[in-house]
Amino acid sequence: PPPTLPSDLQPKEAAPDEKKEDDSRLHELFFVTGEFGPSYANMRTFSVENLGITNADGGGFMAGIGAGLRITVLSLGVKVRWHKLSPFNLVQANGELLFKIPVSSVDIIIGAHGGYSGVGSLNDLFSSPAANSATTADQLTKNVSVKGWNAGLDLGFDYFVNNYFSLGLGLSLIHI
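Model, not experiment: these values are computed from the prediction. (Residues numbered from 1 in each chain as written. Predicted model: local features only at pLDDT ≥ 70, side-chain atom pairs only at ≥ 80, totals over all residues. Heavy atoms only, no water.)

1. Remarks on unusual backbone geometry
The backbone phi angle of T72 is positive, close to 55 degrees, even though this residue is not glycine. The phi torsion at S104 lies on the positive side, around 60 degrees, for a residue other than glycine. On the secondary structure map, S104 appears in the loop between β4 (89-103) and β5 (106-119). (Helix = DSSP H or I, 4+ residues; strand = E, 2+ residues; numbered from the N terminus.)

So, in structure tokens, the structure goes:
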């Protein structure tokens, strides 16, 4: 009979019930996100009544939904957010570029976003200025709206409960 190696030197075969490290979340292609949490905005606006700059700030909550593509550590997506704040509603439609760095069951997120923001409802965000035209000063005051481009930075993390579901915490800084 051929000589055999001692048992401690023989190659070990993985038992069928042993789990191998699963990196399938690194190969995800499409993702959908939902988000909610606290929100705060501090905006300077021009007052027609006072002919001067006034500060409008307040806190409240934010809800959003997004979707995108992820290839390894790079994610490209779109997101719509609604901020229900004490003095006004803020609506955002953004594109985002994120780097998601996997560390065990956690992804560290570093990214940037940009898009369009407006005070009011989602319909107000995309309405034309002609639709809001006014003829009197009183009507003009009621129809003044804040709309414009925005850009910001994102920082956060996602904890993967399993390969298909994660919970995260993030911070977005936005400049309008």
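2. Structural notes on the packing of aromatic side chains
Taken as a whole and assessed by the stated rule, the structure comprises 2 aromatic pairs. With 5.6 Å between their ring centres and 85 degrees between their planes, F61 and W82 make a pair best called edge-to-face. Of this pair, F61 sits in strand β2 (residues 52-71) while W82 sits in strand β3 (residues 74-85); the two residues are 21 residues apart in sequence, bridging distant segments of the chain. With relative accessibility at 42%, the residue F61 sits in the partly exposed group. Each ring, one from Y116 and one from W149, has its centre 5.0 Å from the other, and the planes form 75 degrees; the classification is edge-to-face. (Phe/Tyr/Trp six-rings, centres within 6.5 Å; stacked < 30°, edge-to-face > 60°. Buried < 20%, exposed > 50% of the residue type's maximum accessible area, 1.4 Å probe, protein only.)

3. So, the pairing of β5
Here β4 runs beside β5; their pairing, made up of 14 bridges, is antiparallel. Looking at the pairing, F99 lines up with I110 of β5. Counted along the chain from β4 to the antiparallel partner β5, the turn is 2 residues long, and its residue S104 has a positive phi close to 60 degrees. Across 13 bridges, the pairing between β5 and strand β6 (residues 147-162) is antiparallel. Each bridged residue has a counterpart across the sheet, and for D107 the counterpart in β6 is D158. (Pairing = 2+ DSSP bridges.)

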